[in-house]
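# Structural description and commentary
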Number of protein chains: 2
Amino acid sequence: MEEVKVLCPATVANMVCGFDILGFAIHEPADTIYLKRSDKKGITIRHIDNYKLPVIPSQNVAGVALLELMEEIDPSIGFEMVIDKKIMPGSGLGSSAASAAGAVVAANHLLGNMFSREDLVKFAMAGEKLACGVKHADNISPAIFGGITLIRSIFPLDIVELPGPELFVIVIHPQIELRTSDARQILRKEVLLKDAIRQWGNIGGLIMGLMKHDHALIGRSLEDVIIEPMRSILIPRYDELKRLCLEAGALGGGIAGSGPSVFMFAKEKETASKVKEVMQKIYEPLGIDFNIYCTTINYEGVRVV
Amino acid sequence: MEEVKVLCPATVANMVCGFDILGFAIHEPADTIYLKRSDKKGITIRHIDNYKLPVIPSQNVAGVALLELMEEIDPSIGFEMVIDKKIMPGSGLGSSAASAAGAVVAANHLLGNMFSREDLVKFAMAGEKLACGVKHADNISPAIFGGITLIRSIFPLDIVELPGPELFVIVIHPQIELRTSDARQILRKEVLLKDAIRQWGNIGGLIMGLMKHDHALIGRSLEDVIIEPMRSILIPRYDELKRLCLEAGALGGGIAGSGPSVFMFAKEKETASKVKEVMQKIYEPLGIDFNIYCTTINYEGVRVV
């Protein structure tokens, strides 16, 4: 039977000022999923990585997303799925979204692309619900659509693709434990109207900066007065890291999703290399394991290879 | 001595979801200001309308804006200003902004355009401070720049021009008393984070809809979950007015600035006429005086004629 192999990119939700509405895909890291139809009803899952993730479909984010898709057509069909995860769970880089998005894009390919990308986002959101308790789409959407996406509304789902420039993305993932659900609990339920106004000015500026390819405006708009002050305290040496990256020429950046990863944008490759060095220099003496990725925005999303 | 005549357009702040950050200029109504240099130090102001506005410069919004400009160059110069106001004060259509913006644009013309438009906005903001106690720029900016503007940040001032499509704008001004300062007091100082998120999704959608000329997206994004629910209760039959305008084909709309005017966008002229009729039908039986303007977005701003 036909087998499909898909590359499932990491994604960065929030994009500093766009909490719960903006997100973008990057080229590195990326998971690989191999999927084929099976004569046997249901899904079998095998992980060839070392993350010891559950392989019972109803407890696996890729499994749950695929079950949601199968429910829509014919629950009696079967799939065999092999997952090679490179995006570490809990990194803030959309690890669960990559699995869920990859599974449904792969299945859609095998089924003759009968579903729209919006449909696939809806199926994959079931995986996010399993992973963090909330059906959010700010990682799933860029994983499936590629590039930068805006979730204008989650109920009803309204995804808008945001055309932006080529940008270098430097990401550091300090391997400290930080669960999305904990990072959510630290947030206040109410915000000051004056802070909300400042935030929506920045969202407007960021979107216009991206669409106009105005890098200075992008940089000025990468400011978060609401979420970052609360969450950044969970990330070692965050303020210093950010300050030195900006001094090295980064356009701006902040916490990737709910953290602990931190990302920076750079316009040129040389700047990106400098920013990467800065990140290394700060984290090396800390005795925390970390990964750094120096990559670019991925305007393609999950890719069938 | 050379005299200049300027047309100062009405403006609509907030643009539904963009409280304090978005605004746009329209062609009708518009004030006229005549300005010339004078040998006598200081400013003399004459109003040829019937609004009985103060003519002492320090108590007149156009006067205060002009004083701010003069302070920057040479307080000993003099101007004679004649104002013909057509935008009713307290309408929510940027009446004070039109005067302040017109005065400084006219003076700048007479002075050989030595100031940038950002400078002029800063001078004119002194007029807004006099008019409503707050140095806001969401009417001033579109009055001076024309079109649609985003105030990304007020301190420091960061104005971004938003390229948008041609749109018809239908405005009804019910002549009830509603002061900006009162309309501000009705607002809560805190908002729910979930409402703020919904609002910034809509701001993103509106800006992208305008830039992509995607009228359906513009329409979906013209939703305000924070300010409108509080302010609309001050406007007679607001909900019905809005509902019937949408049924007549309006893309969307809401309260103009802090009200009491209400505006609607329409893509086609015929729809705009229908929306105008709907507005008339609802307000005629109420026994409230009202004006209706059926106009378009003014991409030019204050115009020297």
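Residues numbered from 1 in each chain as written. Chains lettered and ligands numbered in written order. Predicted model: local features only at pLDDT ≥ 70, side-chain atom pairs only at ≥ 80, totals over all residues.

### Here's the deal with the overall build of chain A
- Of the regular secondary structure elements, chain A holds ten helices and twelve strands.
- A globule of 305 residues ought to have a C-alpha radius of gyration of about 19 Å, and chain A, at 19 Å, matches this closely.
- Overall size of chain A, expressed as C-alpha extent along the three principal axes, is 60 × 40 × 35 Å.
- For chain A, buried positions account for 54% of its 305 residues.
- In chain A, once contacts between residues fewer than 6 apart in sequence are set aside, the share between residues at least 24 apart is 71%. (Helix = DSSP H or I, 4+ residues; strand = E, 2+ residues; numbered from the N terminus. Rg over C-alpha atoms; globule rule 2.2 N^0.38 Å. Buried ≥ 20, exposed ≤ 12 C-beta atoms within 10 Å, placed from the backbone. Contact = placed C-beta atoms within 7 Å.)

### Some points on helix α6 (residues 193–212) of chain B
Residues and elements named next belong to chain B.
- Compared with the 28 Å implied by 1.5 Å per residue over 20 residues, the 28 Å span of α6 between its first and last C-alpha is a close match.
- Taking burial as the measure, the 20 residues of α6 include 16 buried ones, the bulk of the element.
- Backbone geometry just downstream of α6 places His-213 in the positive-phi region, at approximately 55 degrees. (Expected span 1.5 Å × (residues − 1).)

### Digging into the packing of helix α9 (residues 238–247) of chain B against helix α10 (residues 269–283) of chain B
Residue and element names in this part refer to chain B.
- Relative to each other, α9 and α10 sit at 150 degrees, their axes nearing to 9 Å. Of the possible angle classes, the one that applies to α9 and α10 is roughly antiparallel. In this structure, α9 crosses over α10, and the sense of that crossing is right-handed. Residues Glu-240, Leu-241, Leu-244 and Cys-245 of α9 form the contact with α10, whose own contacting residues are Val-275, Val-278, Met-279 and Ile-282.
- By residue class, the composition of the contact of α9 with α10 is seven nonpolar, no polar and one charged. (Axes fitted to C-alpha atoms, helices over the stretch in contact; angles between N-to-C directions. Parallel < 35°, antiparallel > 145°, perpendicular 65-115°, else oblique. Left-handed = near helix turned anticlockwise from the far one by under 90°. Nonpolar A, V, L, I, M, F, W, Y, C, P; charged D, E, K, R; others polar.)

### Digging into the relation of the copies chain A and chain B
- Of the two same-sequence chains, chain A is brought onto chain B (RMSD 0.0 Å, axial shift 0.0 Å) by a rotation of 180 degrees. One copy is carried onto the other by what is essentially a two-fold rotation axis.
- Most of the interface of chain A is mirrored in chain B, where 100% of its interface residues again form contacts. (Least-squares fit on C-alpha atoms with pLDDT ≥ 70 in both.)

### Focus on the domain arrangement of chain A
All names here are of chain A.
- Here the domain parsing of chain A yields domain 1 (3–163 + 300–304) and domain 2 (168–296).
- Here the C-alpha centre of domain 2 lies 24 Å away from the C-alpha centre of domain 1.
- Facing 24 residues of domain 1, the contacting portion of domain 2 comprises 34 residues.
- Mapped by element, the contributors of at least two residues to the side of domain 1 that touches domain 2 are β1 (3–13) and β2 (22–38).
- Here the side of domain 1 that touches domain 2 is composed, by residue class, of 14 nonpolar, nine polar and one charged. (Domains from an automatic or database assignment.)

### Some details on the environment of B:Pro285
All names here are of chain B.
- The topology assignment puts Pro-285 in the loop between α10 and β11 (290–296).
- Assessed through the 8 C-beta atoms surrounding it within 10 Å, Pro-285 is described here as exposed.
- Between the alpha carbons of Pro-285 and Leu-7 there is a distance of 34 Å; along the sequence they are 278 residues apart.

### A closer look at the interface of chain A and chain B
- Between chain A and chain B, the residue contacts involve 33 residues of the former and 33 residues of the latter.
- Split into classes, the residues belonging to the side of chain A that touches chain B amount to 18 nonpolar, eight polar and seven charged.
- As paired strands, strand β8 (residues 190–192) of chain A and strand β8 (residues 190–192) of chain B are joined by three bridges and run antiparallel to one another. Within β8(B), the position partnered with A:Val191 by the bridge is B:Val191. (Pairing = 2+ DSSP bridges.)

### Some words on the sheet that holds strand β9 (residues 252–255) of chain B
All names here are of chain B.
- Strands sit in the order β9-β10-β7-β11 across an open sheet of four strands; the sheet is antiparallel. Where the open sheet ends on each side, the last strands, each with one partner, are β9 and β11. Each strand axis lies, on average, 15 degrees off the axis of its neighbour in the sheet, ignoring direction.
- Looking at chain direction, strand β7 (residues 168–174) and β11 are connected through seven bridges and run antiparallel. Paired with Val-171 across the bridge in β11 is Tyr-293.
- Sheet contacts for α10: β7, β10 (262–266) and β11; angle to β7, the most-contacted strand, approximately 10 degrees.

### Some details on unusual backbone geometry
- A cis amide bond, omega -5 degrees, links A:Glu28 with the succeeding residue A:Pro29.
- Here A:Pro29 lies in strand β2.
- Note that the residue after B:Gly259, namely B:Pro260, is joined by a cis bond; omega there is 0 degrees.
- On the secondary structure map, B:Pro260 appears in the loop between β9 and β10.
- For A:Lys52, which is not glycine, the phi dihedral falls at a positive 50 degrees.
- Within the secondary structure, A:Lys52 sits in the loop between β3 (42–47) and α1 (61–73).

### Quick word on α10(B)
All names here are of chain B.
- Over its 15 residues, α10 runs 21 Å from end to end, which matches the ideal 21 Å to within 8%, given 1.5 Å per residue.
- Those residues of α10 not exposed but buried are Ala-272, Val-275, Lys-276, Val-278, Met-279 and Tyr-283. Within α10, the buried residues cover an arc of 160 degrees as seen down the axis, which keeps them to one side. Counted as exposed and oriented over 90 degrees from the buried face of α10: Glu-270, Gln-280 and Lys-281.
- Buried-residue contacts for α10 involve β7, α9, β10 and β11. (Arc of directions from axis to C-beta.)

### Structural notes on the sheet that holds strand β9 (residues 252–255) of chain A
Residues and elements named next belong to chain A.
- In spatial order, the strands read β9-β10-β7-β11; together these four strands make up an open sheet with antiparallel pairing. Every interior strand has two partners, whereas the edge strands, β9 and β11 (290–296), have only one. Averaged over all neighbouring strand pairs, the angle between strand axes comes to 15 degrees, with direction disregarded.
- Of the pairings in the sheet, the one linking β9 to strand β10 (residues 262–266) comprises four bridges and is antiparallel in character. Directly across from Gly-252, in β10, lies its bridge partner Phe-265.
- Across the sheet, helix α10 (residues 269–283) lies against β7 (168–174), β10 and β11, angled at about 10 degrees from β7, the strand it touches most.

### Points about the packing of helix α2 (residues 95–110) of chain A against helix α3 (residues 117–132) of chain A
Residues and elements named next belong to chain A.
- Running from amino to carboxyl end, α2 crosses α3 at an angle of 145 degrees, the nearest separation of the two axes being 9 Å. The interaxial crossing formed by α2 with α3 has right-handed handedness. Within the contact between the two elements, α2 uses Ser-96, Ala-97, Ser-99, Ala-100, Ala-101, Val-104, Val-105 and Asn-108 and α3 uses Leu-120, Phe-123, Ala-124, Gly-127, Glu-128 and Ala-131.
- For the contact of α2 with α3, the class distribution of residues is nine nonpolar, four polar and one charged.

### Describing the pairing of strand β6 (residues 158–162) of chain B
Residues and elements named next belong to chain B.
- Of the strand pairs in this sheet, strand β5 (residues 148–153) and β6 are connected by five bridges, and their pairing is antiparallel. Within β6, the residue paired with Thr-149 across the bridge is Glu-161.
- Taking the residues between adjacent antiparallel strands as the criterion, β5 and β6 are bridged by four residues.

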